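So the chains spell out like this:
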Amino acid sequence: MHSPRTVRESWCKAYDYCNKSFARLAKIPSGSESLGFIRHLAKQVNASSVWIGSRREVHFDCRDLQSENRQCAKIDGKRRTQGKCTDKLPFICERGERITVL
């Protein structure tokens, strides 16, 4: 089940939200057909960009991501890219087979 919403948060707050919901920011492998599905979900909340998880597990302190120069993973239009971690965007959580756009 998928439930699009229009919550917009920084990458760090999105990461925390997903973790508190017993999920994680969605990870999209390179060249994955999941990318098209994620773009479809983003359109449902009228977003051209959404936060996603990084390709690999990284241990970090969210205070380190508050700098204007830090970059975090997102889907922008038709591609994976990076954006300022402090920008507020909708985000995608996944738990097993379930993906939710928030």
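Quick caveat: nothing in here was measured; it's all calculated off a predicted structure.

Student: Hey, could you run me through helix α1 (residues 11–20) in this one?
Tutor: Since the α-helix advances by 3.6 residues per turn, residues separated by three or four positions end up pointing in the same direction. Buried within α1 are the following residues: W11, C12, A14 and C18. In an axial view of α1, the angular spread of the buried residues amounts to 160°, which keeps them on one side of the axis. Opposite the buried face of α1, at more than 90 degrees from it, the exposed residues are K13 and K20. Against β1 (24–25), β2 (49–51), β3 (71–76) and β5 (92–95) lie the buried residues of α1. F22, located one to two residues past α1, shows a positive phi value of around 60°.

Student: Can you walk me through the sheet that holds strand β4 (residues 79–84) in this structure?
Tutor: As a general point, the strands of a sheet are linked pairwise by backbone hydrogen bonds and lie either parallel or antiparallel. What the three strands build is an open sheet, ordered β2-β3-β4; its pairing is antiparallel. Strands with a single pairing partner mark the edges of an open sheet, and in this sheet they are β2 and β4. Each strand of the sheet is rotated relative to its neighbour by a mean of 45°, with strand direction disregarded. In this structure, β3 lies alongside β4, joined through six bridges in antiparallel fashion. Among the inter-strand pairings, K74 is bridged to a residue of β4, identified as T81.

Thresholds, definitions, all that
- Residues numbered from 1 in each chain as written.
- Predicted model: local features only at pLDDT ≥ 70, side-chain atom pairs only at ≥ 80, totals over all residues.
- Heavy atoms only, no water.
- Buried < 20%, exposed > 50% of the residue type's maximum accessible area, 1.4 Å probe, protein only.
- Helix = DSSP H or I, 4+ residues; strand = E, 2+ residues; numbered from the N terminus.
- Arc of directions from axis to C-beta.
- Contact = heavy atoms within 4.5 Å.
- Pairing = 2+ DSSP bridges.
- Axes fitted to C-alpha atoms, helices over the stretch in contact; angles between N-to-C directions.

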